[in-house]
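# Structural overview
Each chain is listed here by its residues.
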Amino acid sequence: MPSATFFLVQTLDEDEKNNLICDKIADLFRQYRKLLVVCEDQQQAELFDELLWQRPADGFIPHALVGEALPNGAPVTLSWRQSEQQPRTGMALFNLASQVPEVAQRSQHIFDLVPAPEDEKAVARERYKHYRARGCQMRTEPLTAKHN
């Protein structure tokens with residue numbers, strides 16, 4: 001049965017939110033080893049590409065923007081183009097876009113966000129309904145920093 005987990009964003013600070021998202025990408029990479037991150041647009045994908053490159057060497061996450069020439073693809077792929085979102089077997093999906101990406105229909109593990117602003121929560125509720133109607137097992141949890 002497919003699953004969908006929504007992370008509740010509890011901050012309005014963009015830098016803090018983006019750092020928490022990078023931490024979550026790292027966590028999901030360690031858990032699934034293959035992750036497709038669907039961004040709203042190329043600008044957002046490039047932002048997360050840059051943020052992931054800034055991680056410390058011991059926390060490096062192998063990643064690439066969609067379309068970059070890598071023989072077997074990167075373990076973490078940042079995408080914004082609907083037509084190029086082809087999940088590989090066992091690949092989890094982390095949706096950062098406002099709409100449900102087409103690739104969600106073929107993904108067994110879906111992760112999404114519930115942003116803090118009220119107007120964006122309404123859009124997230126529609127994605128939640130979509131995943132639930134698809135038969136996903138639904139979960140929510142806060143998007144928080146990992147404390148070791």
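This text follows the structure it describes.
Reading guide: rules and limits
Residues numbered from 1 in each chain as written. Predicted model: local features only at pLDDT ≥ 70, side-chain atom pairs only at ≥ 80, totals over all residues. Heavy atoms only, no water. 1 Å grid on protein atoms, 1.4 Å probe; cavity = no way out; pocket = protein on both sides within 12 Å on 5 of 7 lines; lining within 4 Å. Points joined across faces, edges and corners; volume = space filled by probe spheres on them. Helix = DSSP H or I, 4+ residues; strand = E, 2+ residues; numbered from the N terminus. Pairing = 2+ DSSP bridges. Axes fitted to C-alpha atoms, helices over the stretch in contact; angles between N-to-C directions. Contact = heavy atoms within 4.5 Å. Buried < 20%, exposed > 50% of the residue type's maximum accessible area, 1.4 Å probe, protein only.

## Concerning the layout of surface pockets
If you add up the space inside the largest pocket, you get close to 360 Å³. Those elements that provide at least two residues to the lining of the largest pocket are α1 (14-32), α2 (42-53), β6 (109-114) and α3 (118-133). When residues of the lining of the largest pocket are assigned to their parent elements, the largest contribution, 4 residues, is made by α1.

## Quick word on the sheet that holds strand β7 (residues 137-142)
Here 7 strands make up an open sheet; going across it, the order is β3-β4-β2-β5-β6-β1-β7 and the pairing parallel. For this open sheet the edge positions go to β3 (63-65) and β7, each flanked by a neighbour on one side alone. Pairs of neighbouring strands in the sheet enclose a mean axial angle of 20°, with direction left out of account. Note: strand β1 (residues 3-8) against β7, 6 bridges, orientation parallel. If you follow Leu8 over to β7, its bridge partner there is Pro142. Where α2 meets the sheet, it contacts β3 and β4 (76-79), and its direction lies at approximately 155° from that of β3. Relative to the sheet, α3 contacts β1, β5 (92-95), β6 and β7, its axis offset from that of β6 by approximately 160°.

## Comments concerning unusual backbone geometry
At Arg33, a position not held by glycine, the phi torsion is positive, near 70°. Summarising the element assignment, Arg33 is placed in the loop between α1 and β2 (35-38). Its relative accessible area of 48% is what places Arg33 among the partly exposed residues.

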